[in-house]
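Results of the structural survey
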Amino acid sequence: MPLPFLTADRAFDASDDVALPFDDHDQWRRPYRPGSWRVGAAALALLFASFVLLAAVIIAAAGAAPGAVVTFGLAALIIASALRMLRVGVWVSRHGVRRVGFLANTTVAWGQVAEVRTAQQPVRWLGLPRTVQGQALILVRQGGEQITLLTDHNADFLSRVEAFDRAADTVEAWTAEYGVVPPVAVAATR
């Protein structure tokens with residue numbers, strides 16, 4: 001039984017191209033849903049954090065305050081890491097495109113984007129050093145610097161080829177809408 005009011009990509013299923021009232025292009029949004037690998041890893045980290053919190057409560061009840069503080073701090077670090085893991089990905093808005101990493105972010109304004117394209121190339125499998133042949137969505141800046149935005153073997157798109165294609169098309173559509181249009185050469189008339 002489909003529940004369309006619970007799905008995150010309900011706007012993709014709309015038959016008309018009318019913007020929804022909550023569709024604010026000034027806010028940063030992820031043009032795809034997080035993948036099952038990313039959500040599963042975050043869920044396991046939060047499960048582990050619950051055990052660490054339980055251990056911290058037991059340590060505090062035993063009367064070892066310094067150990068309890070360290071254990072509570074470790075649990076807070078695990079929870080923050082799990083939440084950050086869920087934020088990792090590509091975000092778009094009217095202002096530009098942002099690649100959110102675990103430790104660092106890269107934001108490129110639409111005026112600095114020369115091209116966004118999909119390329120067949122070796123990509124990292126789940127962010128590990130092992131590379132496999134796959135597809136990548138590449139952003140090329142005006143100066144020629146290339147930034148890999150998405151791959152079809154990362155934690156969001158592993159074994160979800162259709163979702164990768166839809167996300168790549170969505171980012172390319174944002175680029176077409178807000179990116180810099182190259183000037184058209186005007187023929188001189190005499």
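Residues numbered from 1 in each chain as written. Predicted model: local features only at pLDDT ≥ 70, side-chain atom pairs only at ≥ 80, totals over all residues. Heavy atoms only, no water.

1. Points about the layout of surface pockets
In this model, the second largest pocket occupies a volume close to 720 Å³. Those elements that place two or more of their residues in the lining of the second largest pocket are α1 (36-62), β1 (89-93), β2 (96-100), β4 (113-124) and β6 (146-151). In terms of residue class, the lining of the second largest pocket is made up of 14 nonpolar, 8 polar and 4 charged. (1 Å grid on protein atoms, 1.4 Å probe; cavity = no way out; pocket = protein on both sides within 12 Å on 5 of 7 lines; lining within 4 Å. Points joined across faces, edges and corners; volume = space filled by probe spheres on them. Helix = DSSP H or I, 4+ residues; strand = E, 2+ residues; numbered from the N terminus. Nonpolar A, V, L, I, M, F, W, Y, C, P; charged D, E, K, R; others polar.)

2. Quick look at the packing of α1 against helix α2 (residues 65-87)
Orientation of α1 relative to α2, taken along the N-to-C sense of each, is 165°, at an axis distance of 8 Å. Put simply, α1 runs roughly antiparallel to α2. Crossing of α1 over α2 shows left-handed handedness. Of the residues that constitute the contact of α1 with α2, the class distribution is 23 nonpolar, 2 polar and 1 charged. (Axes fitted to C-alpha atoms, helices over the stretch in contact; angles between N-to-C directions. Parallel < 35°, antiparallel > 145°, perpendicular 65-115°, else oblique. Left-handed = near helix turned anticlockwise from the far one by under 90°.)

3. Here we look at the nonpolar core
One finds Val97, Leu139, Leu149 and Leu150 to be the most contacted residues of the largest nonpolar core, which totals 21 residues. If you list the elements that add at least two residues to this core, you get β1, β4, β5 (131-141), β6 and α3 (161-178). Among the elements that make up this core, the one with the highest residue count is α3 (7 residues). In contact with valine 97, not counting residues within four places along its chain, are Trp28, Val90, Trp91, Val92, Thr106, Thr107, Val108, Trp110, Leu139 and Leu149. (Core = buried A, V, L, I, M, F, W, Y, C linked by side-chain atoms within 4.5 Å. Buried < 20%, exposed > 50% of the residue type's maximum accessible area, 1.4 Å probe, protein only. Contact = heavy atoms within 4.5 Å.)

4. Quick look at the pairing of β5
In summary, the side chains of a regular strand alternate between the two faces of the sheet. Bridge count between β4 and β5: 11 bridges; the pairing is antiparallel. Each bridged residue has a counterpart across the sheet, and for glutamine 121 the counterpart in β5 is glycine 134. Linking two consecutive strands that pair antiparallel, namely β4 and β5, is a turn of 6 residues; a positive phi of about 55° is found at leucine 126 within it. Of the strand pairs in this sheet, β5 and β6 are connected by 5 bridges, and their pairing is antiparallel. Bridging across to β6, leucine 139 finds its partner in isoleucine 147. What sits between the antiparallel neighbours β5 and β6 is a turn of 4 residues, in which glycine 144 has the positive phi angle 105°. (Pairing = 2+ DSSP bridges.)

5. Quick word on α3
Counted at 1.5 Å a residue, the expected span for α3 with its 18 residues is 26 Å, and the 26 Å between its end C-alpha atoms agrees. The set of residues buried in α3 consists of Ala163, Phe164, Ala167, Ala168, Thr170, Val171, Trp174, Thr175 and Tyr178. End-on, the buried residues of α3 take up no more than an arc of 155°, which puts them together on one face. Residues of α3 that are exposed and point over 90 degrees away from its buried face: Glu162, Ala176 and Glu177. As for α3, its buried residues are in contact with β1, β4, β5 and β6. (Expected span 1.5 Å × (residues − 1). Arc of directions from axis to C-beta.)

6. Remarks on a nonpolar patch on the surface
On the surface, Leu44, Leu47, Phe51, Leu54 and Ile58 cluster together into a nonpolar patch covering about 540 Å² of accessible area. Mapped onto the secondary structure, phenylalanine 51 falls in helix α1. With a relative accessible area of 51%, phenylalanine 51 lands in the exposed category. (Patch = residues over 30% accessible without salt bridge, like charges linked within 9 Å, V, L, I, M, F, W, Y side chains within 5 Å. Areas by Shrake-Rupley, 256 points an atom, 1.4 Å probe, with all protein chains shown as cover. Salt bridge = Lys/Arg side-chain N within 4 Å of Asp/Glu carboxyl O.)

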